[in-house]
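Each chain is listed here by its residues.
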Amino acid sequence: MEFNENQTQTILVAEPKVSIDKPELINGSHALIRSLIEEDVETIFGYPGGAIMPVYDAIYDYQDQINHILVRHEQGAAHAAEGFARMTGKVGVCLVTSGPGATNMVTGIADAIIDSTPMVCVIGQVAAHLLGTDAFQETDVIGITIPITKWNYQITRADEIPEIMAKAFYIAKSGRPGPVLIDITKNAQQELMSKSYSYKKCESLISYRPRLAPKQHQVEAAAKLINEAKRPFLFVGHGVQIANAEQELLAFIEKTDVPAASTLLGLSSVSVDHPNYVGWLGMHGNYGTNVLTNQCDVIIAIGMRFDDRVTGDLTRYAKQAKVVHIEIDPAEIDKIVKADAPVVGDAKKALEMLLPLLKENRHEAWRAEFKKFDVIEYEKITKPELAPTTEKIKMAEVIRKLSDKTKGEAVIVADVGQHQMMTARYYEFKKPNSFITSGGLGTMGFALPAAFGAKVGAPEREVVAMIGDGCFQMTIQELGTIAQSGLPVKIIILNNNFLGMVRQWQQLFHQKRYSFVELQNPDFITIAKGFGIDGHTCGSREELNESLDKMLASDKPYLLEVLVEKEENVFPMVPTGACVADIRLE
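Residues numbered from 1 in each chain as written. Predicted model: local features only at pLDDT ≥ 70, side-chain atom pairs only at ≥ 80, totals over all residues. Heavy atoms only, no water.

- Looking up the protein in an unreviewed UniProt entry gives the name Acetolactate synthase, with the organism given as Dyadobacter flavalbus.
- Recorded in UniProt under Catalytic activity (unreviewed entry), the annotation for the protein is "2 pyruvate + H(+) = (2S)-2-acetolactate + CO2".
- Recorded in UniProt for the protein, the comment headed Sequence similarities (unreviewed entry) runs: "Belongs to the TPP enzyme family." (UniProt positions renumbered as here; feature names shortened; annotations may be inferred.)

**Some details on the domain arrangement of the protein**
Where the parts come together, the accessible area they lose is often given as the size of the interface.
And step 1. We note that the domain assignment places domain 1 (27-190), domain 2 (216-368) and domain 3 (391-564) within the protein.
And step 2. Just the C-alpha atoms count here: the centres of domain 1 and domain 2 sit 36 Å apart.
And step 3. The interface is formed by 7 residues belonging to domain 1 together with 7 residues belonging to domain 2.
And step 4. Summed over both partners, the interface of domain 1 with domain 2 comes to about 610 Å²; 59% of that surface belongs to carbon and sulfur atoms.
And step 5. Counting the surface domain 1 buries against domain 2, the share from its top three residues, R86, D115 and R176, is 65%.
And step 6. In this assembly, domain 1 and domain 2 are joined by 2 salt bridges.
And step 7. In this structure, E332 engages R176 in a salt bridge whose closest nitrogen and oxygen atoms are separated by 2.8 Å. (Domains from an automatic or database assignment. Contact = heavy atoms within 4.5 Å. Buried area = accessible area lost by both parts, 1.4 Å probe. Salt bridge = Lys/Arg side-chain N within 4 Å of Asp/Glu carboxyl O.)

**Considerations on the packing of helix α1 (residues 28-38) against helix α7 (residues 161-173)**
And step 1. Between α1 and α7, the shortest axis-to-axis distance is 9 Å and the interhelical angle comes to 35°. The two elements α1 and α7 cross, and the hand of that crossing is right-handed. Residues G28, A31, L32, S35 and L36 of α1 touch α7, and the partners they reach there are I161, P162, M165 and F169.
And step 2. Class assignment for the residues of the contact of α1 with α7 results in 7 nonpolar, 2 polar and no charged. (Axes fitted to C-alpha atoms, helices over the stretch in contact; angles between N-to-C directions. Helix = DSSP H or I, 4+ residues; strand = E, 2+ residues; numbered from the N terminus. Left-handed = near helix turned anticlockwise from the far one by under 90°. Nonpolar A, V, L, I, M, F, W, Y, C, P; charged D, E, K, R; others polar.)

Next comes the structure, spelled out in structure tokens:
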């Protein structure tokens, strides 16, 4: 085409395209894993299944940032998370599928709520449009777990995940810790979020404001009672360790010179070597601690809830004493024992505020009273247990030798029953945060997975599971988890071929009518070796030292079975319904 100078050429130029970055949209499963990473979660204990499979698919992409440990049963996941949380103070995390996966977790969740253990349990659920239809593996886990969680919530949209997970972790670890359950429908796991993923940690909730610093007038009232006391008695509960208040507690003891006893879960808060430590409280606690509870003039209870195993008959419990109760959960104040000076707040904060108000004091004569009872208990119970003339090994011998060989510094994870009580009595705890057990729920089968969780949380510490032959068979499959991990968890089975604590009660209170308590046990060592775990059986007193040394020297998981006296009883004992002062020595 030709153009003359009078013509105008029109040239069409395309307008440049404007580049608009679309937000990166991720699905709910990736949002969940990212949320866990934002909460500094490094370890998850779980078991996959259909309704949680999208989340497991997402984990595959984050294996360099988060460690998933495959348990062998969902109850094992809960107890392992409990052991991890109790050992580290961090939130334990479980991940399981719907239906039976969820219901298998219920025992562990119930255990965690009563023992104030922080957990976030993430449960898969059927798609939202199937809810209420009895779809395959659908269970109303929200309804089931309302009574045993601090909070539970069902997520049905991917967009909810970041905010709900932030709330879950805040609620689980703040105030009085406990388990939180998050139920996530499958569609919420699979669908894309409608906006870019972002995460903000939750630091407060309008509807939930736990008090950390107690009110000044409460602290002053408590200080007045303590300063005026002539025979004060300090009860150390699990709340001291939860609050990391061991140093403040020690300063309190040394300033006031008050005798201190611990609850079962409070064990190891105070070293047994401390001159003011007088033992532990409760049904199988020490002689003097129980009798003198009814002779003190002021009880200072810190981070404990006056469980029935501590108080015995409430109508005859410490009626002569004024009570100072330091407790973060206001629902526990006056629930069982009336407090004359309640202090609602965190144990560490409360002790920090209390210390400047306390007078230097000395209670030598009062503390000497406990020593008188110690002499009686030693002659009647402790000496025969530790230096027996019986042919069979006694449980106390095993535990005290283990204590000596580990210098009282191992983490002991005890199951439930006679061996648990013997461990509390005869292991001499020297280091804080060294005793993990199921307290309020009394869950048989707790120790094996919980010991593994504790070892994951503190691989540098020696962890020993102390288990009875009955308890061991409750969660024996978790040997597979331990074997696959290779972590050197040490396991001691005290084997008496009985459900020992039930048998003891049947002997003492049911005329020796031994109803279904005798066990025909399998070959535990062969089973362990089938899982790839070394071990051996110790059947005589002469072999015990060498057997313990061999177990402790192993750098791999190890199972030591000790054959102990069949019909041994645990004393002292406060019979059910009796007064603490009526504690029996035989």
